[in-house]
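Chain residues, written in single-letter form:
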Amino acid sequence: MSDPFGRPPETTDLPDPAVQLMTEEPEAMGPPATDLPDFSGPLTPSGHLRRRQLISRLAEVGQTTAALLAVAVLGIVVYSVAERGASVLSLGFLTKDPPLLAGSAGGGIAPAIVGTAVIMALATAIAMPIGILTALYLTEFAGRWSGRAFRLILDLLNGLPTIVVGLFVFGLLVVGHHQSGFAGSFALAIIMLPLIARATQEVLLLVPVGLREAADALGVSHWRTVRGVVLPTARGGILTATVLAVARGAGETAPLILLSSIFANTVSANPFGQALPNIPVYIFTASESAEANGFSRAWGAAFVLLVFILLASIVGRTLSRRSTLSR
Amino acid sequence: MSGSTRLAGTLPGNAASRVRTADRIGDRLLHGLCMLAALLAVLALGAIAYKVVDGASPAISRFGLGFLTHSTWKPNPPFEVFGAAALVYGTAVTSFVALLLSVPLAISIALYLSMVAPRRVRSVIGPLVEMLAAIPSVILGFWGILVFGPFLQAHLEPFLHSVLGFLPIFGATPTTGSGLFNASLILTIMVVPIIASISRDLFLSVPRELQEGAAALGATRWEVVRGVVLPSSASGVAAAACLGLGRALGEAIAVTQVIGAGNLIHASLFQTGDTLASRIADQFQGATTRLQIASLFYLGLILLVIGLLANIAAQWIGRRFDVTVAAQ
């Protein structure tokens, strides 16, 4: 078609493979090198090559479609929740108790919001120090073999079905006692621990060796180096790890179904008493009972939870981009 | 930064020795605390296994391994017979279908993000795909019942039934939108971002020279992918798929919401079912008898074992072929 030399078309199908190669080369590498003399004919692919390029194009189109599909699903889910949830949302929704009868309209989800906040705060307070210390152990003290073993354990812990963690805590804290917000926090802490530990470990590995060596050369003891050099340098990354773990834990429902699901719908901030109301269980319960008014409150609750989680993961991501240490 | 750390040697004798003692204690304390924390993680895993076996023991001694092969589930006191066959089937089918759909999708997305998309598009779509993994399962399940289920019921299921109805898996007339099919698709949505983000990192780590070498020999972009990128990262992708499988097997909440809680083994995906995890989430609150709770713990034990196996497989495949699993 676009023969730069205006050659007659009969030279098109030369069987010489070398010529084939020459016509292929520019196609794969970018714009054709027009300043070279070309003896072969038109620079348009034909026959076999055209088929190969078509396949390549089709594959690219398929890959693009798959990516767009994933983004579309995200968009549809977020839009569905936002559309139905935003109409319910009001100041009263965030500050009122739910109505006594699940089927009646109005009311809010204040107890669930407070409960989730308390449960998450307690879970973070448990998981964060242990996670950071575990990460420190992996980077500062563990040998080759033991480091590997501990990492494996953390990865296995991370891969456990969360409902199994719920069963464990049920057997540990609830059997013979009663459900409590603390039991929920404990389970969430187990779920968040490997996330915080592994992500923190990655950041600690990025602390420049030079800083450590400088501290060593000054005769600074190990623990002072950790406290004064390693942890402050990695602070941003540790914060990111924690925020992302909180985002993951806040939506975790399965353990809470077993551990903090039978609750009175009034605001309570005492995790050690009875079960604490919380947003995930609230949505789950509403979704299992077919009440239109319950559904609309659940959409509102889902909207609140989703906004929190998406914001947390965006904040986590931006933090990690800004902190110089993480990639 | 290290303003608080003073050089021990420059201090007068008494103070210096005090600092040295403090340092020695501090070092020991830090080492001890860190080790304790790391051991806690090990302890947690061990305790989880112990407690779950412990909770399941009445059911284990009552039903033994036969629990896995019969499918009667009658929790009411005169019967009290429990069997997990239908649940194992439901778990296997939903996870299998989810993996079947999500592996090609996720690989395609990863290829798009690592090779096709321009840099700027990449930095937008990549985080969006990962954000899909951040949506809590309870919200996805809620959406699955109220939005996605009706859509499936009205459009996709009748279509598949009329076109591919001769296949047993699409054989039944679609009824409610809840069922194995819906559960599989929701699981697909949850698994795709996991496999995609690991695979993308793997594809990005395939040496540039290999790809350019292939391109220089005249390979098209797809041929570079098929001949160089995929073979050199195949084991890592397989490990990622194992991790995704582990996630799909263990997902309780979203599946409970959309699977419709049936206890029969159906060939058709359009019918209801239940999985190991969803049965626990569904019945635990209402469980009354000791044997029922023990049976639910038994389900948890099965989940624990297959979940661990999937994760160990992922580690093993990833390590054996010397590809770093970039995810965790």
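Computed from a predicted model, the values in this text were never measured in an experiment. (Residues numbered from 1 in each chain as written. Chains lettered and ligands numbered in written order. Predicted model: local features only at pLDDT ≥ 70, side-chain atom pairs only at ≥ 80, totals over all residues.)

(A) How the structure looks around the overall build of chain B. Along its length, chain B carries 10 helices and 2 strands. Reading chain B from its N terminus to its C terminus gives the helix and strand order α-β-β-α-α-α-α-α-α-α-α-α. Computed over the C-alpha atoms, the radius of gyration of chain B is 26 Å, more than 25% above the 20 Å expected from 2.2 N^0.38 for a compact globule of 328 residues. In terms of overall dimensions, chain B has C-alpha extents of about 85 × 65 × 35 Å along its principal axes. A burial count over chain B gives 50% of its 328 residues as buried. Partitioning the contacts of chain B with sequence separation of at least 6, the portion at a separation of at least 24 is 76%. (Helix = DSSP H or I, 4+ residues; strand = E, 2+ residues; numbered from the N terminus. Rg over C-alpha atoms; globule rule 2.2 N^0.38 Å. Buried ≥ 20, exposed ≤ 12 C-beta atoms within 10 Å, placed from the backbone. Contact = placed C-beta atoms within 7 Å.)

(B) Fine view of the overall build of chain A. For chain A, the helix and strand inventory stands at 13 helices and 0 strands. Walking chain A from its N terminus toward its C terminus, one meets helices and strands in the order α-α-α-α-α-α-α-α-α-α-α-α-α. Residues counted as buried form 47% of the 327 residues belonging to chain A.

(C) Expanded view of the interface of chain B and chain A. Of the residues lining the interface, 84 residues belong to chain B; the matching set on chain A comes to 84 residues. When its residues are assigned to classes, the side of chain B that touches chain A shows 57 nonpolar, 21 polar and 6 charged. (Nonpolar A, V, L, I, M, F, W, Y, C, P; charged D, E, K, R; others polar.)

(D) Fine view of helix H4 (residues 110-141) of chain A. Helix length check: H4(A) (32 residues) gives 45 Å between terminal C-alpha atoms against 46 Å at 1.5 Å per residue, within 8%. The element H4(A) is extensively covered by neighbouring structure, given that 23 of its 32 residues are classed as buried. (Expected span 1.5 Å × (residues − 1).)

(E) Structural context of the domain arrangement of chain B. All names here are of chain B. Under the domain assignment, chain B is made up of domain 1 (8-66) and domain 2 (73-320). The C-alpha-based centres of domain 1 and domain 2 are spaced at 35 Å. The partner domain 2 presents 10 residues to the 11 residues of domain 1 that form the contact. Tallied by class, residues from the side of domain 1 that touches domain 2 come to 8 nonpolar, 2 polar and 1 charged. (Domains from an automatic or database assignment.)

(F) Quick peek at the nonpolar core. Grouped together as the largest cluster of nonpolar side chains are 201 residues, with contacts concentrated most on A:Ile196, A:Ile283, A:Ala302, B:Ile109 and B:Ile139. Broken down by element, the residue count for this core peaks at 17 residues, all from helix H2 (residues 85-116) of chain B. (Core = buried A, V, L, I, M, F, W, Y, C linked by C-beta atoms within 7 Å.)

(G) Quick look at the packing of helix H2 (residues 47-86) of chain A against helix H3 (residues 119-134) of chain B. Between H2(A) and H3(B), the shortest axis-to-axis distance is 9 Å and the interhelical angle comes to 55 degrees. When the axes of H2(A) and H3(B) are compared, the pair comes out oblique. Note on packing geometry: the crossing formed by H2(A) with H3(B) is left-handed. On H3(B), the residues that touch A:Ala67, A:Ala70, A:Val71, A:Val73 and A:Leu74 of H2(A) are B:Ile125, B:Leu128, B:Val129, B:Met131 and B:Leu132. The residue inventory of the contact of H2(A) with H3(B), partitioned by class, reads 10 nonpolar, no polar and no charged. (Axes fitted to C-alpha atoms, helices over the stretch in contact; angles between N-to-C directions. Parallel < 35°, antiparallel > 145°, perpendicular 65-115°, else oblique. Left-handed = near helix turned anticlockwise from the far one by under 90°.)

(H) Geometry of the confidence of the model for chain A. Confidence along chain A averages 81 in pLDDT terms, with 83% of residues attaining 70 or more. A low-confidence stretch, residues 1-29 of chain A (pLDDT under 50), is modelled with 35 contacts involving residues beyond four sequence positions or located in other chains. (pLDDT = per-residue confidence, 0-100.)

(I) Molecular detail of the environment of A:Phe93. Residue and element names in this part refer to chain A. Mapped onto the elements, Phe 93 comes out in helix H3 (residues 91-95). Since 21 C-beta atoms lie within 10 Å of it, Phe 93 is described here as buried. Residues Phe 93 and Arg 297, spaced 204 residues apart in sequence, show a C-alpha to C-alpha distance of 8.4 Å. With residues near it in sequence (within four places) discarded, Phe 93 still touches Val 88, Gly 108, Ile 109 and Gly 300.

(J) Region of interest: H2(B). All names here are of chain B. Under the 1.5 Å per step criterion, the end-to-end length of H2 is 45 Å for 32 residues, consistent within 8% with the ideal 46 Å. Taking the largest bend as the criterion, H2 deviates by roughly 30 degrees, centred on Ser 102, and proline Pro 104 comes between one and four positions later. Summarising burial for H2: 24 of the 32 residues are buried, a large majority. (Bend = angle between axes of the 7 residues up to and from the residue.)

(K) Region of interest: the environment of A:Phe168. With respect to the helices and strands, A:Phe168 occurs in helix H6 (residues 162-174). According to the C-beta neighbour criterion, A:Phe168 is buried, with 29 such atoms within 10 Å. Residues A:Phe168 and A:Pro255 lie 87 residues apart in sequence; the distance between their C-alpha atoms is 9.3 Å. Residues within four places of A:Phe168 in sequence aside, it is in contact with B:Ala47, B:Ile48, B:Lys51 and B:Val52.

(L) Just the confidence of the model for chain B, in detail. In the predicted model, chain B carries a mean pLDDT of 84, and the fraction of residues at 70 or more is 93%. Among the prediction metrics, the complex's ipTM stands at 0.86, with pTM recorded as 0.84.

(M) Examining the packing of H3(B) against helix H5 (residues 180-204) of chain B more closely. Residues and elements named next belong to chain B. H5 packs onto H3 with a crossing angle of 135 degrees between their chain directions and a minimal axis gap of 8 Å. By the angle between their directions, the pair H3 and H5 is classed as oblique. Regarding H3 and H5, the two cross each other, and that crossing is left-handed. Residue-level inspection shows Val 129, Glu 130, Leu 132 and Ala 133 of H3 in contact with H5, the latter providing Ile 189, Pro 193, Ile 194, Ala 196 and Ser 197. Residues belonging to the contact of H3 with H5 are distributed by class as follows: 7 nonpolar, 1 polar and 1 charged.

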